[in-house]
Each structure stands twice: as C-alpha cells, then as structure tokens.
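Working through the structure, step by step
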Amino acid sequence: MSGTFPAVREQWRLRPRQGAKRDLLSLHDLTVEEMEHLLRLAAEVKANPGAFRHALQGRSLALVFEKPSLRTRVTFEVGMAQLGGHAVYLAPADVGLGRRESVRDVARNLGRWVQGIVVRTFGQKILEEMAAAAPVPVINALTDLLHPCQALADLLTLQQHRGRLQGLRLAYVGDGNNVAHSLLHAAARAGMHLTVASPSGYEPDAAILAQALEVAPTTGAILRVIHDPTEAVRDADAVYTDVWTSMGQESESEQRRRVFASYQVNADLMKRAKPDALFLHCLPAHRGEEVTDEVLDGPHSVVLDQAENRLYVAKAVLLALLDEVTA
Ligand code: CP
Ligand code: NVA
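Report on the accompanying structure. Each chain carries its own residue numbering, running from 1 in the direction its sequence is written. Chain labels run from A onward and ligand labels from 1 onward, assigned in the order the entries are written. Local features in this predicted model are restricted to residues of pLDDT 70 or higher, and side-chain atom pairs are both shown and tallied only at a pLDDT of 80 or more, whereas totals for entire chains, interfaces and linings draw on every residue. As a rule here, side-chain values come from all non-hydrogen atoms in the structure, and water together with hydrogens is ignored.

**Considering the packing of helix α2 (residues 71-82) against helix α13 (residues 303-321)**
Axis angles are defined between N-to-C directions and span 0 to 180 degrees, where every axis is a line fitted to C-alpha atoms and, for a helix, only to the segment in contact. Helix numbering and strand numbering both begin at the N terminus, where a helix is a DSSP run of H or I of at least 4 residues and a strand a DSSP run of E of at least 2. Remark: α2 packs on α13, axes separated minimally by 8 Å, with the N-to-C direction vectors making an angle of 50°. Compared by their axis directions, α2 and α13 come out oblique. Crossing hand, α2 versus α13: right-handed. Of the residues in α13, those in contact with Arg71, Thr72, Thr75, Phe76, Val78, Gly79, Met80 and Gln82 of α2 are Ala307, Arg310, Leu311, Ala314, Lys315 and Leu318. Here the nonpolar group is Ala, Val, Leu, Ile, Met, Phe, Trp, Tyr, Cys and Pro; Asp, Glu, Lys and Arg are the charged ones; every other residue, Gly included, is treated as polar. When the residues that make up the contact of α2 with α13 are grouped by side-chain class, the tally is seven nonpolar, four polar and three charged. Roughly parallel here means an angle under 35 degrees, roughly antiparallel means over 145, roughly perpendicular means 65 to 115, and every remaining angle is called oblique. If you view the pair so one helix is near and one far, a crossing is left-handed when the near helix is turned anticlockwise from the far one by less than a right angle, and right-handed when it is turned clockwise. Contacts between residues were defined by any pair of non-hydrogen atoms, one from each residue, lying within 4.5 Å.

**Section: the sheet that holds strand β6 (residues 193-197)**
Ordered in space as β7-β6-β5-β8-β9, the five strands form an open sheet in which the pairing is parallel. The sheet is open, and its two borders are formed by β7 (222-226) and β9 (278-281), each paired with just one other strand. Within this sheet the neighbouring strands show an average axis-to-axis angle of 20°, counted without direction. In this analysis, strands are considered paired if DSSP registers two or more bridges between them. Two strands pair when backbone bridges link them, and strand β5 (residues 169-173) and β6 are joined in this way by five bridges, in the parallel orientation. Across the sheet, the residue bridging to tyrosine 172 is valine 196, located in β6.

**Considerations on the sheet that holds strand β4 (residues 138-140)**
The four strands are arranged β2-β1-β3-β4 in an open sheet whose pairing can be described as parallel. At either end of the open sheet lies a strand with only one pairing partner, and these are β2 (86-90) and β4. With strand direction ignored, the average angle separating the axes of adjacent strands in the sheet is 20°. Relative to β2, strand β1 (residues 60-65) is paired through five bridges, and the arrangement is parallel. Pairing of alanine 62 across the sheet is with valine 88, part of β2. Helix-sheet contacts for α2 involve β1, β2, β3 (116-120) and β4, and the interaxial angle to β1 is about 175°.

This is the structure:
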C-alpha cells in the first residue's frame, strides 16, 4: 500500500530517534534546531501552499478531543485536507477515553486505520499513554499541562511581525497554565526573554520552568517568573495573556476572578510596555476579564494572525511527523 501514495519528503520530516516514531507531546522533546525547522516549514507552507497540495495524499488523521475547540480542530482538519489527506473528528462523547475503552485499546485500534492521532485531553499522562500504545505519531492538541502547537503559532506570529525572535522581550501576564508552559519551552529554544507574571500560587509548574531553564543558556534566553504585572511588561516588545479559568477549572472561576483581578491586560498596562508592543492571546478570550475589548480589538492586537498561523503550524507538524502509510 505504501507505494500507492507520494512519499512525504525526507527533508520535511523530524528524524526518528533510535528508530522510533516521533510524537509531539511537548516542545521539550524538540531540539533547538528541530523547533527552528518546524517554524521554517510553517513559514514555507504559508508562503507556498501549492507546493504541499498532495504531500499527504491517501493519509488519514484522527482527532480525539475530550474538550471543546474551535481553532485546533478546524486547523488540523482543514490543514490535513489542504495537504491532500483526510481527518476524522471524534468528539468528547464519541470515544470515552479510559471510560468506554482503555486509552491503550483506543490507540491500538486507531493505529490500524489512520497515520496520525491528534489528542486534546486532560492529563499529560493520558497523552503519553496514548503515544506509547499507538504505532503512529501522536500530536498534543492541548492538555492541562501543555499546548505546544499554540506556542509554535505564537512564535511564528512574533517572527512575522518583528522579523526575529532572538532577544525579543515577551511578557506573559496571568495564569501559569498550559499556554504559559509551552511558551516557556518555546522561548527557551528561540533565545527570547520571557517574563511571566502570575499571582502567588498560580505560577508556572516548577518542573516545566526547570526544563526551560535547562535549555535557556544554550540560546541566550532569559526566563523569569515574578508576581508584578507592571514590572513584567516594562519595555516588553509583546504582551501575552490567556484566560484565568482554563477548560476543566470552571468550578474555580469565581475565586480566580478575584485572585487575578489585578492581572487584567488593559490600556493602562499596555502603556507600560514599548509604545508599539504587540498584544497576543491564544483565544478564546473572556472579554472584560483577562483582557479588555480595547486591547483585544486594538491596533496592536495580533490575535487573528496567531489564529491564522495555527493552520500553517498544524500543516508543518503533520508534514514533519506523518510517515508512509503503514497500515
Ligand atoms: N487556541 C486554541 O487552542 O483554541 P481552541 O481551544 O479553540 O482550539
Ligand atoms: N488555557 C486555556 C487555553 C485554551 C486554548 C485552556 O486550557 O482552556
């Protein structure tokens, strides 16, 4: 069967490690060069979509989503179609990961039909279990811990608007969540200066910060976690925020609104950054909470470019990971 379809060009693919398939569970699994490669490939896909039109012809992709999604679902489905392949979306009620059927059994079944699995779930452990059991690449479409595809799109957006990443000063204001964690991994690899300002008790996970700090000296990245949002945005080239209550934390939303009240990104806070500082948000936004309309819809907001760039990143990740048809 593998002879029927065009080969995925070797130069696009991430090299297997010790002969094993590659997954994308965390940006921490990528070398500095591999992350650069994905960003270059995403930029190439954006500039020249026609060149990749048949690249994944005959391949199928499963999307196993245990949480809602707009951007991630649409960009992987549309991205796969634009590469000549086909995607099957499985909604939270369809699969019942670990309830209707064990994670391992779901992974092994899917591996008989599709060439890649995109998973949005709760625990990072569930994703790791899926990847260990699946004979095909598994891609993290968001867990409670990480959101690697988002951080790649964020870097692509910063590169597009500022022409470089090295030495760029990014302030992340708010919850030390999945988005903040993947940004730490990404900034470390890109040589950026990232300051995260979170309330006490809501800082990024210490183990994730330690992973990012391990890589930072090799690129000149400077990573800091502080509590003061004003200090974080001082002289920043870009300011990033995300929701105070992530998917799955809805029962804490009242308390979080109180804790995060002084972490809102509004016009006053943006004034403390560089005058032309960009505003980023992974979306969806809770308008009037972590960000005001004025900033989200303002002239420095690049949130829709981020959303658009999710498509090029999804395509680059698929090109880099999906192998020959094996089933
Ligand atoms: N930014 C992001 O991942 O959006 P969705 O939750 O809509 O996929
Ligand atoms: N931190 C958010 C990101 C959504 C894309 C969440 O997990 O809900």
